[in-house]
Amino acid sequence: MDSLWQTKEEPAVLNNPKTSALLRVVARLALGLGILVMSSGVATAQVVLPRTLELNPKEMEQNGFIVAQEALQLAQFQQFQEALIRAKLAVQLAPQAHEIWALLGGLYLTVDEPQEAVVALERSLKLNDQNPGVYFNLGSAYFRQGQYAASIRVIEQGLALKPDATEEWFNLGNAYLKLGQTDRAIAQYRRSLRNDKRFWPAYTNIGLVLYEQGNIRQAAKNWEQAAEIDPKASEPKLALATALLKLGNEAEALKLAEEALRLDSRYGTVDFQRENLWGDRLVADTQALLAKPPLRALLSQLQPEQSALPQP
């Protein structure tokens, strides 16, 4: 997220906290670095770095993979800056290892350096163009830079290699949506649901497209389905509450909105909604809902420093 509901660093959703998005990137790294032997500890391997440049290329490459393994282990424990330092060293030791360039690119993505990520990931693909995880991370890097057409191109290449990647069909839909191609966006969301009928973010985003088109009832049905799949998900609850308010069911709308805000009060702020690709119309309608007492008081109580509600 590298979605209509995600943080700007990742075009994906799944509960929205930034750490979840970062761990999804790490999961892609693990896919790309499957040849590395994982350990339960952090940085358990001991690396002997050369005092001179007298090591032969084979020894250098072996050391590079050892350092890369340490970097991946650190990333799994969310020690991303330390992991990035090791990954930079690893590619110096093994510059022809596509797996290590993939790791470096993914780590740049986790620390929000998409331009650097693009360089490393493209280098990985030049060495090996058969790693779907690299295409997916590259698509995320392009998305963050606003290069949506490029994001579509590389995600589609990754899906050609791994068509069962449910979340990537969803991410592809997000990129199409950014280009204003709503029909294609919905088609990708539905493709993700063909892979996994319980992938609630796809229902959520289909609902938003329908809402923007004025089809409030169908939007509400999609949001209701998403909320039923994951009762702990705040996004579809708040969206459904907004739709119910428009449909005249204020009592149920206020109840759902209160549940959503208790789960995650960030969704009650204008800045957060717009950053996560909520349409301007839905932002305005959501604020009309949240401005009602007792929701105004609840939001202020939960997170007063982030409340972006209009003043009465």
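Going by the structure above, here's the rest.
The rules we used
- Residues numbered from 1 in each chain as written.
- Predicted model: local features only at pLDDT ≥ 70, side-chain atom pairs only at ≥ 80, totals over all residues.
- Heavy atoms only, no water.
- Salt bridge = Lys/Arg side-chain N within 4 Å of Asp/Glu carboxyl O.
- Helix = DSSP H or I, 4+ residues; strand = E, 2+ residues; numbered from the N terminus.
- Buried < 20%, exposed > 50% of the residue type's maximum accessible area, 1.4 Å probe, protein only.
- Contact = heavy atoms within 4.5 Å.
- Expected span 1.5 Å × (residues − 1).
- Core = buried A, V, L, I, M, F, W, Y, C linked by side-chain atoms within 4.5 Å.

**Q** How would you explain the pattern of salt bridges if you had to name every residue and give the values?
**A** Here the idea is simple: oppositely charged side chains can pair when their charged atoms come close. Within this structure, the stated rule accounts for eight salt bridges. Put simply, Glu-250 and Lys-292 hold a salt bridge, and the shortest N to O gap is 3.6 Å. Placement of Glu-250 in helix α13 (residues 250–263) and of Lys-292 in the loop between α15 (280–290) and α16 (295–302) is noted, with a sequence separation of 42 residues between them. The partly exposed category is assigned to Glu-250, whose relative accessible area is 37%. By relative accessible area, Lys-292 is classed as partly exposed at 25%.

**Q** Can you lay out the environment of Ala-233 for me, pointing to particular residues and giving the numbers?
**A** Examined against the element boundaries, Ala-233 turns out to sit in the loop between α11 (216–229) and α12 (234–246). Sequence-wise, Ala-233 and Glu-259 are 26 residues apart; in three dimensions their C-alpha atoms are separated by 9.8 Å. Those residues in contact with Ala-233, other than ones at most four positions away along the chain, are Trp-200 and Leu-263.

**Q** Mind laying out α11, listing which residues take part and the relevant values?
**A** An ideal rise of 1.5 Å per residue puts 20 Å on 14 residues; α11 measures up with 20 Å between its terminal C-alpha atoms. Here α11 has its buried residues at Ile-216, Ala-219, Ala-220, Asn-222, Trp-223, Ala-226, Ala-227 and Ile-229. Contacts made by the buried residues of α11 are with α10 (200–212), α12 and α15.

**Q** Can you break down unusual backbone geometry residue by residue, with the values?
**A** Phi is mostly negative for residues that are not glycine, and the peptide bonds are mostly trans. The step from Pro-293 to Pro-294 runs through a cis peptide bond, and the omega angle for that step is 15°. Within the secondary structure layout, Pro-294 lies in the loop between α15 and α16. Not every positive phi belongs to a glycine, and Gln-78 is a case in point at roughly 60°. Positionally, Gln-78 belongs in the loop between α2 (57–76) and α3 (80–93). Take Gln-78: its relative accessible area is 37%, and that puts it in the partly exposed class.

**Q** Please give an account of the nonpolar core that cites residues and values.
**A** Side chains that are nonpolar tend, in soluble globular proteins, to be buried together. One finds Trp-223, Leu-238, Leu-289 and Leu-295 to be the most contacted residues of the largest nonpolar core, which totals 58 residues. It is α10 that provides the largest number of residues to this core, a total of eight residues. Residues in contact with Leu-289, not counting those within four places in the same chain, are Leu-238, Ala-241, Thr-242, Leu-245, Ala-253, Leu-254, Ala-257 and Leu-295.

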